[in-house]
Amino acid sequence: GEDVEQSLFLSVREGDSSVINCTYTDSSSTYLYWYKQEPGAGLQLLTYIFSNMDMKQDQRLTVLLNKKDKHLSLRIADTQTGDSAIYFCAERYRDDKIIFGKGTRLHILP
Amino acid sequence: DGGITQSPKYLFRKEGQNVTLSCEQNLNHDAMYWYRQDPGQGLRLIYYSQIVNDFQKGDIAEGYSVSREKKESFPLTVTSAQKNPTAFYLCASSPSTRDRGPPGELFFGEGSRLTVL
């Protein structure tokens with residue numbers, strides 16, 4: 001069946017890189033998304049990648065997609081305190097169904 | 001301004017009552033969604049609609065119903081059959097993959113918090 005898995009917590013020191021991982025089960029996805037949710041706020045789109053791409057870079061964010069292993073990652077370079085949030089991976093299918101992972105809570109250590 | 005409007009923001013319901021949450025969008029999007037967000041559970045898909053007069057069950061559709069009679073509107077009814085309805089409900093919309101070009105992002109409303117007393 002369809003499922004999107006993420007680890008629930010990640011702690012990173014300020015200034016280091018954060019890597020948030022996501023695995024999915026269905027190979028018929030069209031797009032994969034990363035959303036950010038800060039405390040008490042709504043979901044904000046960070047970036048998305050088409051399923052036939054391997055990598056996408058946008059300023060401090062790098063998305064890597066390994067289609068063979070059905071693995072998606074989000075790398076945040078030079079992590080700042082403002083990056084503290086929950087990060088959701090999401091997968092979109094051809095019929096527009098969009099499934100989210102449970103979210104990874106990123107904690108920044110001073 | 002374009003966007004998605006959910007109402008009410010807060011709602012209290014007695015056990016055994018049905019309640020309908022409103023979701024309206026003026027973004028001209030074909031696809032609309034309802035999610036439920038519980039702590040530690042992320043967003044779980046209740047129903048989605050790719051186009052007017054059509055909708056599909058998501059992963060947790062039991063105890064919920066929807067309609068899509070107009071492109072702009074996708075109301076969700078939480079019925080008395082839903083065993084644990086207290087939650088935060090999010091509506092979203094997006095261009096459909098039926099349109100030419102990438103579908104882009106999912107736009108979210110501000111959510112409706114339902115509490116069953």
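All values reported here derive from a predicted model rather than from experimental measurement.

**Examining the side chain of Arg92(A)**
Part 1: Summarising the element assignment, Arg92(A) is placed in strand β9 (residues 85-93).
Part 2: According to the relative accessible area criterion, Arg92(A) is buried, its value standing at 0%.
Part 3: Engagement of the side chain of Arg92(A) in a polar contact is seen with the side chain of Tyr33(A), the distance being 2.9 Å.
Part 4: In terms of polar contacts, Arg92(A) uses its side chain to reach the backbone carbonyl oxygen of Pro95(B), at 2.9 Å.

**Some points on the nonpolar core**
Part 1: In this structure, Trp34(A), Phe100(A), Tyr35(B) and Phe108(B) are the most contacted members of the largest nonpolar core, which totals 43 residues.
Part 2: If you tally residues by element for this core, the top one is β9(A), at 7 residues.
Part 3: For Phe108(B), the contacting residues outside a window of four places in its chain are Tyr35(A), Leu43(A), Phe100(A), Ile4(B), Tyr35(B), Leu43(B), Leu90(B), Cys91(B) and Ala92(B).
Part 4: Ranked by size, the runner-up nonpolar core spans 19 residues in total, among them Leu21(B), Cys23(B), Ala87(B) and Leu114(B).

**Things to note about the sheet that holds strand β3 (residues 19-25) of chain B**
All names here are of chain B.
Part 1: Pairing in this open sheet of 4 strands is antiparallel, and the strands run β1-β3-β8-β7 from one edge to the other. With partners counted over all chains shown, the strands left at the sheet margins are β1 (4-7) and β7 (64-66), one partner each. Direction aside, neighbouring strands of the sheet carry axes that sit 20 degrees apart on average.
Part 2: The pairing of β7 with strand β8 (residues 76-78) spans 3 bridges and is classified as antiparallel. Across the sheet, tyrosine 64 pairs through a bridge with valine 78, a residue of β8.

Thresholds applied
Residues numbered from 1 in each chain as written. Chains lettered and ligands numbered in written order. Predicted model: local features only at pLDDT ≥ 70, side-chain atom pairs only at ≥ 80, totals over all residues. Heavy atoms only, no water. Helix = DSSP H or I, 4+ residues; strand = E, 2+ residues; numbered from the N terminus. Buried < 20%, exposed > 50% of the residue type's maximum accessible area, 1.4 Å probe, protein only. Polar contact = N/O pair within 3.5 Å; in protein donor to acceptor, adjacent residues only side chain to side chain. Core = buried A, V, L, I, M, F, W, Y, C linked by side-chain atoms within 4.5 Å. Contact = heavy atoms within 4.5 Å. Pairing = 2+ DSSP bridges. Axes fitted to C-alpha atoms, helices over the stretch in contact; angles between N-to-C directions.

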